[in-house]
Amino acid sequence: MRFIRDTTELSAERDSAVTLGKFDGLHRGHRLLISEVTAAANEGLQSIVFTFGTHPRALVEGRPQELLLTNEERHDRLEALGLDLLIEYPFNETTSHILAEDFVRDILVRQLRARKIVVGTDFGFGYRRAGNVKLLCSLSKECGFELVVREKLKTKEGIDISSSYIKERLKRGEMEAVHALLGYPFFIRGIVRHGNRNGRTFGFPTINQFPEEKKLLPPNGVYVSRTIVDGQSYQSITNIGVKPTIGGEYPRGVETFIEDFSQDIYGKTALVELYSFLRPEVSFGSENNLIAQIKRDRQSAEKYWREESQKRY
């Protein structure tokens, strides 16, 4: 997959199919749009995802970003979907004032050679989001592209699957629901950092990760997890929080105990998938009480995996 970022000078190698959006989370609805452009390879078209390196609304409203996927995580998942080209377009004072009609004519049609454009029904673009599906439809004949508009994917209860709805469920620690909406387990991907090594003294050595501030995390607490390192997958339990029993001040981090694992992986990248919320993070008053609780957490995680295994048979 070719990757273009932080530049307004764009080019396509041949006529293309383009889908556009923020694509935060790359949830099941997003992947329907992406499947449309990757399938266009059968028509000889280059498949392109056009998105932004920074969430436009966060910049305009001056609020911090809350992302289901960091840009790096989004890049990796898109690459696995078989795209030809990913564009992370800069959002700044100049680009935010591009008129919707100019965006279509100059960027999508002239630079990217779009012959098929795929969007959702609520897609908005251009200066003050004046562009919409109606405008794209009116420009499609003039500019010679096919417009494909897809309705939002819904849950069984009729709720739109959206990044904002998934974030609501994530903030409540409803990991099973988040998994179903995303179509894959929510995960944290990051470098394994040195912690305070307390886990090793307790007999439960852990790996520590400190995600970017813009990465949205579920509530502080303990989760059933699975950790992937060097292509190998391991059952684990993960604590998100600030280690209140240990004392002192610690930044909010992700600390994972991996079953049957003793390798030194400091400096390597680990992917920690969260499957189920076990309990909130609390202070246990003493290290002995904490150790006893960790043993109970392991038993709860083992029960979870046993039950999941039985569901598959």
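A brief structural summary. Keep in mind that this is a model prediction, so the values were computed, not measured.

With that out of the way, let us pick up the sheet that holds strand E12 (residues 269-280). Read from one edge of the open sheet, six strands run E7-E12-E9-E10-E11-E8, paired in antiparallel fashion. Strand pairing shows two members of the sheet lacking a second neighbour, strand E7 (186-191) and strand E8 (206-209), which therefore form its edges. Averaged over all pairs of adjacent strands, the angle between their axes in this sheet comes to 35°, without regard to strand direction. The strands that helix H9 (residues 287-311) touches are strand E9 (221-229), strand E10 (232-241), strand E11 (253-258) and E12; relative to E12, the one it contacts most, it runs at about 100°.

Okay, the side chain of Asp 297 next. Residue placement: Asp 297 occurs in helix H9. If sequence neighbours within four positions are ignored, Asp 297 has contacts with Val 222, Ile 237, Leu 278 and Arg 279.

On to the packing of aromatic side chains. Between two aromatic rings, the relevant description is the distance of the centres plus the angle of the planes. This model, assessed by the stated rule, comprises twelve aromatic pairs. Centroid distance Tyr 275 to Trp 305: 5.1 Å. Interplanar angle 65°. Geometry classified as edge-to-face. Of this pair, Tyr 275 sits in strand E12 while Trp 305 is found in helix H9, placing the two residues 30 residues apart along the sequence. Accessibility assignment for this pair places Tyr 275 and Trp 305 in one class, buried.

Time to look at the state of the cysteines. All chains considered together, the criterion is met by zero disulfides. Among the cysteines around Cys 137, which has no disulfide bond, Cys 143 carries the closest sulfur, lying 12 Å off. Residue Cys 143 is classed as buried on the basis of its relative accessible area, which comes to 16%.

Attention shifts here to the pairing of E12. Pairing analysis gives six bridges linking E7 to E12, with the strands arranged antiparallel. Across the sheet, the residue bridging to Phe 186 is Leu 274, located in E12. Here E9 runs beside E12; their pairing, made up of nine bridges, is antiparallel. Bridging from a neighbouring strand, Ser 225 pairs with Leu 274 of E12.

Scoring rules and cut-offs
- Residues numbered from 1 in each chain as written.
- Predicted model: local features only at pLDDT ≥ 70, side-chain atom pairs only at ≥ 80, totals over all residues.
- Heavy atoms only, no water.
- Pairing = 2+ DSSP bridges.
- Helix = DSSP H or I, 4+ residues; strand = E, 2+ residues; numbered from the N terminus.
- Axes fitted to C-alpha atoms, helices over the stretch in contact; angles between N-to-C directions.
- Contact = heavy atoms within 4.5 Å.
- Phe/Tyr/Trp six-rings, centres within 6.5 Å; stacked < 30°, edge-to-face > 60°.
- Buried < 20%, exposed > 50% of the residue type's maximum accessible area, 1.4 Å probe, protein only.
- Disulfide = S-S within 2.5 Å.

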